[in-house]
Amino acid sequence: MYTQSFNVQDTPGAKAVASVQSKEDPALQAAFDARIDADGRIEPQDWMPEAYRKTLVRQISQHAHSEIVGMLPEGNWISRAPSLKRKAILIAKVQDEGGHGLYLYSAAETLGTSRDQMLEGLHSGRAKYSSIFNYPTLTWADVGVVGWLVDGAAIMNQVPLCRCSYGPYARAMVRVCKEESFHQRQGYEALLVMMTGTAEQKAMVQDAVNRFWWKCLAMFGPPDADSPNSLQGMRWGIKRISNDDLRQKFIDATVPQAKVLGVTLPDPDLKWNEERQHFDYGQIDWDEFWATVNGNGPCNKERLATRVKAYSEGAWVRDAAMAHARKQQERSMKEAA
Amino acid sequence: MSAAVDYLLHLADNALVLGQRNAEWCGHGPILEEDIAQSNVSLDLIGQARLLYQLAATLKGGAVTEDQLAYFRDTHEFRNYTLLELPHHGPLSGYASSSLDYGTTIVRNFLYSALMALLWEALEKSANADLAAIAAKSLKEVRYHLRHSRDWLVRLGDGTDESHARSQASLDHLFPYTQEFWAHSPAEAAAVEAGIGVDLNTLKADWDAIVDAALAEATLQRPTAGGYVSEGKKGIHSEHLGFLLAEMQSLARAHPNGVW
Amino acid sequence: MTNELKEWPLWEIFIRSKQGLEHKHCGSLHAADARQALEMARDVYTRRQEGVSIWVLPSSAITASNPDEKGELFDPAADKIYRHPTFYDIPDAVGHM
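Residues numbered from 1 in each chain as written. Chains lettered and ligands numbered in written order. Predicted model: local features only at pLDDT ≥ 70, side-chain atom pairs only at ≥ 80, totals over all residues. Heavy atoms only, no water.

Helix and strand counts for chain B come out as 11 helices and 0 strands. Taken from N to C terminus, the helices and strands of chain B fall in the order α-α-α-α-α-α-α-α-α-α-α. At 18 Å, chain B has a C-alpha radius of gyration in line with the 18 Å of a compact globule built from 260 residues. Overall size of chain B, expressed as C-alpha extent along the three principal axes, is 55 × 40 × 35 Å. Buried residues in chain B amount to 62% of all 260 residues. For chain B, restricting intrachain contacts to residue pairs at least 6 apart in sequence, the fraction spanning at least 24 positions comes to 80%. Taken as a whole, chain B presents about 9200 Å² of accessible surface, with 55% of it coming from carbon and sulfur. (Helix = DSSP H or I, 4+ residues; strand = E, 2+ residues; numbered from the N terminus. Rg over C-alpha atoms; globule rule 2.2 N^0.38 Å. Buried < 20%, exposed > 50% of the residue type's maximum accessible area, 1.4 Å probe, protein only. Contact = heavy atoms within 4.5 Å. Areas by Shrake-Rupley, 256 points an atom, 1.4 Å probe, with all protein chains shown as cover.)

For the rest of this paragraph, the subject is the overall build of chain C. Across its full length, chain C carries 2 helices and 3 strands. The linear arrangement of helices and strands in chain C, starting from the amino end, is β-β-α-β-α. A globule of 97 residues ought to have a C-alpha radius of gyration of about 13 Å, yet chain C, at 21 Å, is considerably larger. Seen through its principal axes, chain C has C-alpha atoms that stretch 70 × 35 × 15 Å. For chain C, buried positions account for 34% of its 97 residues. Once local pairs closer than 6 in sequence are excluded, the contacts in chain C between residues at least 24 apart make up 42%.

Our focus in this paragraph is helix α11 (residues 239-254) of chain B. Here α11(B) spans 23 Å end to end across 16 residues, near enough to the 22 Å set by a 1.5 Å rise per residue. Along α11(B), the sharpest kink reaches roughly 40 degrees, centred on B:Met248. When α11(B) is considered as a whole, its buried residues turn out to be B:His240, B:Leu241, B:Leu244, B:Leu245, B:Met248, B:Gln249, B:Leu251 and B:Ala252. Among the structural elements, α4 (84-109) and α6 (140-158) of chain A together with α1 (2-22), α3 (66-71) and α4 (82-85) of chain B are those in contact with the buried residues of α11(B). The backbone nitrogen of B:His240 lies 3.1 Å from a side-chain oxygen of the residue at the head of α11(B), namely B:Ser238. (Expected span 1.5 Å × (residues − 1). Bend = angle between axes of the 7 residues up to and from the residue. Polar contact = N/O pair within 3.5 Å; in protein donor to acceptor, adjacent residues only side chain to side chain.)

Each partner contributes to the interface: chain A provides 50 residues, whereas chain B provides 49 residues. Between chain A and chain B the total buried area reaches about 4100 Å² when both faces are included, carbon and sulfur atoms providing 67% of it. Summed over the three residues of chain A that lose the most area to chain B, namely A:Leu84, A:Gln95 and A:Trp316, the buried surface amounts to 20% of that side. Our count for the contact surface shared by chain A and chain B stands at 3 salt bridges. (Buried area = accessible area lost by both parts, 1.4 Å probe. Salt bridge = Lys/Arg side-chain N within 4 Å of Asp/Glu carboxyl O.)

What follows covers the nonpolar core. Judged by nonpolar contacts, the single largest core of 188 residues is most densely connected at B:Trp120 and C:Leu29. The dominant element in this core, judged by the number of residues it contributes, is helix α5 (residues 102-123) of chain B, at 15 residues. (Core = buried A, V, L, I, M, F, W, Y, C linked by side-chain atoms within 4.5 Å.)

This part is about the sheet that holds strand β2 (residues 23-30) of chain C. Pairing within the open sheet is antiparallel, and its 3 strands lie in the order β2-β1-β3 (chain C). This sheet does not close on itself; its edge strands, each paired only once, are β2 and β3 (53-58) of chain C. For this sheet, the mean inter-axis angle between neighbouring strands, taken without regard to orientation, is 25 degrees. Across the sheet, α4(A) touches β1 (10-16) and β2 of chain C, and the angle it forms with β2(C) is around 90 degrees. (Pairing = 2+ DSSP bridges. Axes fitted to C-alpha atoms, helices over the stretch in contact; angles between N-to-C directions.)

It is worth spelling out the pairing of β2(C) at this point. Residue and element names in this part refer to chain C. In terms of burial, β2 is a largely internal element, 6 of the 8 residues being buried. Relative to β2, β1 runs antiparallel, the two sharing 7 bridges. Following the sheet pairing, Phe-14 is matched in β2 by His-25. Two successive antiparallel strands, β1 and β2, enclose a turn made up of 6 residues, where Gly-20 displays a positive phi of approximately 100 degrees.

Residues and elements named next belong to chain A. Two elements in contact, helix α8 (residues 199-218) and helix α10 (residues 243-261), have axes whose closest approach is 11 Å; the angle formed by their N-to-C orientations is 170 degrees. Judged by the inter-axis angle, α8 sits roughly antiparallel to α10. Across the interface between the two elements, Val-205, Trp-213, Cys-216, Leu-217 and Ala-218 of α8 pack against Arg-247, Phe-250, Ile-251, Thr-254 and Leu-261 of α10. Its residues assigned to classes, the contact of α8 with α10 shows 8 nonpolar, 1 polar and 1 charged. (Parallel < 35°, antiparallel > 145°, perpendicular 65-115°, else oblique. Nonpolar A, V, L, I, M, F, W, Y, C, P; charged D, E, K, R; others polar.)

Where nonpolar side chains cluster on the molecular surface, the patch consists of C:Ile81, C:Tyr82, C:Phe87, C:Tyr88, C:Ile90, C:Val94 and C:Met97 and spans about 750 Å² of accessible area. Mapped onto the fold, C:Ile81 is located in the segment after α2 (70-74). (Patch = residues over 30% accessible without salt bridge, like charges linked within 9 Å, V, L, I, M, F, W, Y side chains within 5 Å.)

As a further point, take the pattern of salt bridges. Evaluation of the coordinates by the stated rule reveals 46 salt bridges over all chains. Note that B:Asp208 is salt-bridged to B:Lys204, the shortest N-O span being 3.1 Å. Of the two residues, B:Asp208 and B:Lys204 are both situated in helix α10 (residues 204-217); the distance of 4 residues between them amounts to about one turn of the helix. With a relative accessible area of 25%, B:Lys204 lands in the partly exposed category. Here C:Arg35 and C:Glu39 are joined by a salt bridge, their closest N and O atoms 3.7 Å apart. Highlighted residues: C:Arg35 and C:Glu39, both in helix α1 (residues 34-45), separated by 4 residues, approximately one helical turn. A relative accessible area of 42% places C:Arg35 in the partly exposed class. Each member of the salt-bridge network shares a partner with another, and the members are A:Glu74, A:Lys93, A:Glu97 and A:Asp151.

This part is about the environment of B:Leu139. Residues and elements named next belong to chain B. Inspection of the secondary structure puts Leu-139 in helix α6 (residues 129-158). Residues Leu-139 and Leu-118, spaced 21 residues apart in sequence, show a C-alpha to C-alpha distance of 8.4 Å. Not counting chain neighbours up to four residues away, the residues in contact with Leu-139 comprise Ala-117, Trp-120, Glu-121 and Glu-124.

The subject of this paragraph is the packing of aromatic side chains. Overall, the coordinates contain 20 aromatic pairs over all chains when judged by the stated rule. When the centroid spacing of 5.2 Å and the interplanar angle of 65 degrees are considered together, the rings of B:Trp182 and B:Trp207 count as edge-to-face. One end of the pair, B:Trp182, is in helix α8 (residues 179-182); the other, B:Trp207, is in helix α10, and 25 residues separate them in sequence. In this structure B:Trp207 comes out as buried when scored by relative accessible area, which is 0%. Where C:Tyr82 meets C:Phe87, the ring centres are 6.5 Å apart and the plane angle is 75 degrees; that geometry is what we call edge-to-face. By relative accessible area, C:Tyr82 is classed as partly exposed at 44%. (Phe/Tyr/Trp six-rings, centres within 6.5 Å; stacked < 30°, edge-to-face > 60°.)

On to the environment of A:Tyr129, then. All names here are of chain A. As for its placement among the helices and strands, Tyr-129 is situated in the loop between α5 (115-123) and α6. Considering only alpha carbons, one finds Tyr-129 and Ser-66, 63 residues apart in sequence, at a separation of 4.6 Å. With near-sequence residues (within four places) excluded, Tyr-129 lies in contact with Gln-62, His-65, Ser-66, Val-69, Leu-122, Asn-134, Asn-300 and Arg-303. In terms of polar contacts, Tyr-129 uses its side chain to reach the side chain of Asn-134, at 2.7 Å.

So, in structure tokens, the structure goes:
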């Protein structure tokens, strides 16, 4: 279940949190560890260490923020989609991202944090989201490449999360992953069609691949040696596969797809390593990655300001609905009296 | 046959232009749930437009496609109601800009859905069987759009002082454009004559009833219609359609031989 | 607007995927009232024909069992194996029973 109220009076919007026992009770901690070790699931009402709860809230809310910020770069092309079919596909796709954000916010809310609290974190700049969305979508081919590579990378990340230790998160990810495979396929198919078109179209596809390839590799996060949080995440079963392993998996899967598509990947060091049975690849520019994560990418300010604008300008609409609901309730109570 | 094509283009342009407008909210809605709901409305409208353009293209024959009709006709060739091309804000000149206003969106969706819920129902009996089939499908969709926009109209009208004032202002701005629904156009007259189309004046009393009941519930005042009667369905548009089409058609026109 | 009315309340959504099956919990969402929750659920959770019927209920109306009482609530059923048909041996000659 996504809920954990114990029939206590709750402020609307927030879910009651199962009362956390005396800070870190050793017996409870031992039971929790045993369940994690047995690959069991933790549900909202269960006792959990505060650090586990905090890490989950951070991870799930960042994930949710990524989905809704991720609506913007692709939404950028809805009005200009070159055919009605592609327009419909793109709207459905961007809409799905909104749905994914919603499922994820709901999952995080079971941990006792309201969506408004999480949004406040995003809007104030405290909470992070996937940095890939801080790059601009400059041509229509970017829409296809985002589907193929960005969603492809996201799927690599997300499939293992369907088995994560926190039940609501795992269930949300099952739903997300089902929908996400449509996203990757539509992107790749859009590019395939463009590659049968004019020379300008083919050049557009290659250009988009060139701009997004390295950013996508960075999406998997810093090398394992530099990710101190990864180990704890693995221990807790909220991260299943290491950054480098996922990155390698993505590269191995993508190289043949690029070949079928007829584009090159912009890495001279990219070649098959017979001994490793994997593709070797070049050096990722981590300085650029961190600069973007820390707010200095090409679109950080625009993305954040756009989310803040939508939220603040929507306040009167949300307030109106609540005011009407309250009036209706008062009216029906008066009628009953 | 030309009567049918002209009539289909009028219906298709209505659906496309409003679908295009409503899609501007995708990613910018007042709350995530509503963002998703409004995208569903857009998807329905664009789906309707596609079916109608496809039927028009078939009747025109040759190599005409839905996308040629959508992307390679100019402003004066579009036959949508002016109401549907207006930006999501109050009255402003074509190149002036303003934030999106959800009140305008809701009021427009309501006024148009109230009409289409009646028109699609009547068109189920169109002499053109293909159009009748599209009408049957679209009727289900528009009944939901009407329910969605009507519920919101009541929420906004009844909600807070601010939402009441804003939705009344949107209504005052948009309502005069509904006069176009009832104005004569040669294309509609020809379609009625051919048994394909419906004389909208036969639906006016029902439309008035739907609108009046909703406005009463929303505690909003029905503006007295009057003044300028827009003529979008005859190809004479506001300044806004040119911008909408310039943006929508730019990529397709930059690559006339492109395949998508 | 008082503070407690700022955020729309949370609703739990249950969907019947097809006639004859039970409603199943599929997630939650925010809505101002029940009617809106139904509409939002339609738009959020049935975009791929996932349902033919929807229930919504305020999350705050759910009373959940306490996980600490799992033992006393559920373990006592474990040894009542005679409740299951497979507990009983019936001669093959009887056929399906």
